[in-house]
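The lines below spell out each chain.
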Amino acid sequence: MASSLTKDSVSPGTPGSEKTFFGHPRGLATLFMTEMWERFSYYGMRALLPLYLVAPGGLGLSAGTATAIYSVYLSLVYLLTMPGGWFGDRVWGPRKTVAVAGGIIMLGHLTLALPSSGTFYAGLGLVAIGSGLLKANISTMVGQLYQGPDDPRRDGGFTVFYMGINLGAFAAPLIIGTIGESVNWHLGFALAAVGMGLGVTQFLLGSRHLDPASSVVPKPLTHQERASTLRKAALWAGIAVVAYAALGLSGHYTLNWVLVPLTLLGVIVPVMVIARIKRDKDLDGAEQSKMSAYIWFFVAAAIFWMIYDQGGSTLSIFADSSAENSVFGWEFPVSWYQSVNPVLIMALAPVFAWIWLALNRRGKEPSTIVKFASGLVLVGVSFFLFLAPLSIAEGGHKAAALWLVAIYFTQTVGELLLSPVGLSVTTKMAPAKYASQMMGVWFLAVTAGDATTGLLSIAGVDLNKTGVVAMEATLAVLAGVAVWMYRKKVKALMGDVR
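Because the structure is predicted, anything quoted here is derived from the model rather than measured. (Residues numbered from 1 in each chain as written. Predicted model: local features only at pLDDT ≥ 70, side-chain atom pairs only at ≥ 80, totals over all residues. Heavy atoms only, no water.)

1. Focus: the overall build of the chain
- Within the chain, the regular secondary structure consists of 17 helices and 7 strands.
- Going through the 498 residues of the chain one by one, you find that 49% of them count as buried.
- Of all intrachain contacts in the chain linking residues separated by at least 6 positions in sequence, the fraction that spans at least 24 positions is 79%.
- Just so you have it, the chain exposes about 22,100 Å², and 67% of that area is on carbon and sulfur atoms.
- One way to put it: in the chain the 34 positive side-chain charges average out to a point 7 Å from where the 26 negative ones average out. (Helix = DSSP H or I, 4+ residues; strand = E, 2+ residues; numbered from the N terminus. Buried < 20%, exposed > 50% of the residue type's maximum accessible area, 1.4 Å probe, protein only. Contact = heavy atoms within 4.5 Å. Areas by Shrake-Rupley, 256 points an atom, 1.4 Å probe, with all protein chains shown as cover. Lys, Arg positive; Asp, Glu negative; His and termini not counted. Charge placed at Lys NZ, Arg CZ, Asp CG, Glu CD.)

Put into structure tokens, the structure is as follows:
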């Protein structure tokens, strides 16, 4: 880290003489490294997860059950960002919440490393809880390093921060995936714990460089609120314990008794949150109109993530069983496919930024609605591409690795069209009353998409069949076309947001 810190060539004590991280506050180095190691552990484990679930030396589950577990896990990670943000705002403050979250994630990976199927699901739960707590608060601390939203370094700081995310995501499958697949599954999960341990260590050592506001609880719970929250939590926990104990003792317990409620939760909660905001009588006419427009973007995003996140489950399981995972005769682990997206993000994101600036100068930059529609169409096209390797495999042959790379490339371009725009439009269209909650609402679109995939898998739908893949591809393309066709109506609802 020291090599990336620079010292301005001015005398000590003058403004700007403090050490910086690529011209940004030094605390950004702490958060950059913490997030990089957290993403290293998260994406490394995620790359191994579906392969371990189906492997004879792993849990040996069916592809459908593995996809359901993977999808439920992802939906939980994003669902838990809302209570994670609540903990940061009301209970511990962002800094303490991130430190505790890192410890929970590390414990979760260590639990996954135990050679027992009984503890495996507990480990997944711990990683999901920790990820939800951390994800909601670490970005808040990045923003606190700058002097308000008008600080000219702010956007650049977030760009540097997100590079840390993609660096960790790129390296993880190459290291953790290789160890897990080639040496030992549980050693791979243990390596993810080491990565998170390095992140926690980095955070604790460098936390003195963070803004003091990161230790402040913005809206602490009153004594009455705390007591009420604890009572409700204890009540629901008690109900769950009694219900599952009864199922276990009666011999009726199966994995679906956990998967089905969690997937339904992943679909119902996003709908309830959006409906609650939409029905709020405190919102004025302009805010109500913007929320009506936002529902279009939310549904479109849910469809996008439903297909996109199958890159780590459906596509990965297909590659494991039916692809020729080699280039020029050199074989590579299946988990390496998960490094394709982050390396493409790092390569293409600056190109897209340049294109949008160039088009903007000419007055030809596509609108938010057109970018969204294009992203949806592209993720649909990626699954139309998937039909080719599926057909090759059905003919009894192994599909070439480049087919899968082409699918990931198409999905990445779609992500660059939809994801940054979605984050931006969420902040711009958020009602004032829900300004701090709307980013959590955006993540609920991921929850809804992944939960839908989980429900399909639990219902016995084979997501590696050409008919199902063609149906999903058609749905995404039609949704993109619908957004484009109704762009004038949506634009009118957006009011002054462009």
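There's plenty left to go through after this.
2. Points about the nonpolar core
- The biggest cluster of nonpolar side chains holds 103 residues, and the ones touching the most others in it are Met45, Tyr73, Phe120, Tyr294, Tyr337 and Leu404.
- It is helix H10 (residues 285-308) that contributes the most residues to this core, 13 residues altogether.
- Of all hydrophobic cores here, the second largest spans 25 residues; its members include Leu28, Met33, Leu145 and Leu210. (Core = buried A, V, L, I, M, F, W, Y, C linked by side-chain atoms within 4.5 Å.)

3. Details of the layout of surface pockets
- What the second largest pocket holds in volume is close to 1,400 Å³.
- Surrounding the second largest pocket, 37 residues form its lining, Leu76, Leu80, Ile129, Leu262 and Leu265 being those nearest its centre.
- Counting residues per element, the ones that place at least two in the lining of the second largest pocket are helix H2 (63-79), helix H3 (81-90), helix H5 (117-144), helix H8 (223-250) and helix H9 (256-279).
- Ranked by the residues each element gives to the lining of the second largest pocket, the list is headed by H8, at 11 residues. (1 Å grid on protein atoms, 1.4 Å probe; cavity = no way out; pocket = protein on both sides within 12 Å on 5 of 7 lines; lining within 4 Å. Points joined across faces, edges and corners; volume = space filled by probe spheres on them.)

4. Brief notes about the packing of aromatic side chains
- As enumerated under the stated definition, the model contains 28 aromatic pairs in all.
- Taking 4.9 Å as the distance between ring centres and 70° as the angle between the ring planes, the aromatic pair formed by Phe297 and Phe372 counts as edge-to-face. Here Phe297 is found in helix H10, whereas its partner Phe372 is found in helix H13 (residues 368-394), with 75 residues between them in sequence.
- Ring-pair connections join several aromatic residues into one group, and the members of that group are Tyr52, Phe120, Tyr121, Trp185 and Phe189.
- Cation over ring: Lys371 sits above Trp356, and NZ or CZ is 4.3 Å from the ring centre.
- The side chain of Arg487 reaches across the aromatic face of Trp484, ending 4.0 Å from its centre. (Phe/Tyr/Trp six-rings, centres within 6.5 Å; stacked < 30°, edge-to-face > 60°. Lys NZ or Arg CZ within 6 Å of the ring centre and 35° of its normal.)

5. Focus: the environment of Leu264
- Here Leu264 is to be found in helix H9.
- Along the primary structure Leu264 and Arg90 are separated by 174 residues, whereas in three dimensions their C-alpha atoms are 27 Å apart.

6. Points about the packing of H9 against H10
- Interaxial distance between H9 and H10 falls to 10 Å at its minimum, and their mutual angle equals 160°. When the axis of H9 is compared with that of H10, the two are roughly antiparallel. As H9 packs across H10, the resulting crossing turns out to be left-handed. Residues Pro270, Ile274, Ile277 and Lys278 of H9 lie in contact with H10, whose contacting residues are Gln288, Met291, Ser292, Tyr294, Ile295 and Phe298.
- Of the residues belonging to the contact of H9 with H10, the class tally is 7 nonpolar, 2 polar and 1 charged. (Axes fitted to C-alpha atoms, helices over the stretch in contact; angles between N-to-C directions. Parallel < 35°, antiparallel > 145°, perpendicular 65-115°, else oblique. Left-handed = near helix turned anticlockwise from the far one by under 90°. Nonpolar A, V, L, I, M, F, W, Y, C, P; charged D, E, K, R; others polar.)

7. Looking at the packing of helix H12 (residues 340-361) against helix H14 (residues 401-429)
- Packing of H12 against H14 brings their axes to within 9 Å, and their N-to-C directions diverge by 45°. When the axes of H12 and H14 are compared, the pair comes out oblique. For the pair H12 and H14, the crossing hand works out as right-handed. Across the interface between the two elements, Val340, Asn341, Leu344, Ile345, Leu348, Ala349, Phe352 and Trp356 of H12 pack against Tyr408, Phe409, Thr412, Val413, Glu415, Leu416 and Leu417 of H14.
- Within the contact of H12 with H14, the residues separate by chemical class into 12 nonpolar, 2 polar and 1 charged.

8. Quick look at the environment of Leu112
- Assignment of secondary structure puts Leu112 in helix H4 (residues 94-112).
- Beyond its immediate sequence surroundings of up to four residues, Leu112 is in contact with Met45, Phe120, Gly123, Leu124, Val127, His186 and Phe189.

9. Points about helix H6 (residues 154-182)
- The end-to-end C-alpha distance of H6, which contains 29 residues, comes to 42 Å, matching closely the 42 Å that a straight helix rising 1.5 Å per residue would cover.
- The sharpest bend along H6 reaches about 35° and sits at Ala172, with the proline Pro173 one to four residues further on. (Expected span 1.5 Å × (residues − 1). Bend = angle between axes of the 7 residues up to and from the residue.)

10. A word on a nonpolar patch on the surface
- A cluster of nonpolar side chains, contributed by Val481, Trp484, Met485 and Tyr486, occupies part of the molecular surface with about 420 Å² of accessible area.
- Overall, the relative accessible area of 56% leaves Met485 in the exposed class. (Patch = residues over 30% accessible without salt bridge, like charges linked within 9 Å, V, L, I, M, F, W, Y side chains within 5 Å. Salt bridge = Lys/Arg side-chain N within 4 Å of Asp/Glu carboxyl O.)

11. Thoughts on the side chain of Asn341
- Its location among the elements puts Asn341 in helix H12.
- On the basis of relative accessibility, which here comes to 16%, the residue Asn341 falls in the buried class.
- Within polar-contact distance, the side chain of Asn341 engages the side chain of Tyr308 at 2.8 Å.
- A distance of 2.9 Å separates the side chain of Asn341 from the side chain of Thr412, its partner in a polar contact.
- Aside from chain neighbours lying at most four places away, what touches Asn341 is Tyr308, Thr412 and Glu415. (Polar contact = N/O pair within 3.5 Å; in protein donor to acceptor, adjacent residues only side chain to side chain.)

12. Observations regarding the confidence of the model for the chain
- Averaged over every residue, the pLDDT of the chain is 90; residues scoring 70 or more account for 95%.
- Low pLDDT, under 50, characterises residues 1-17; the predicted model gives this stretch 22 contacts beyond four residues in sequence or across chains. (pLDDT = per-residue confidence, 0-100.)

13. Things to note about the pattern of salt bridges
- One pass over the structure, following the stated rule, counts 5 salt bridges.
- Between Glu225 and Arg90 there is a salt bridge, and its shortest N-O distance comes to 2.8 Å. Taken as a pair, Glu225 in helix H8 and Arg90 in helix H3 lie far apart in primary sequence, 135 residues in all.
- Assessed through its relative accessible area of 32%, Glu225 is described here as partly exposed.
- Looking at Arg90, the relative accessible area reads 18%, which means it is buried.
- Put simply, Asp280, Asp282 and Lys433 are held in one network by salt bridges that share partners.

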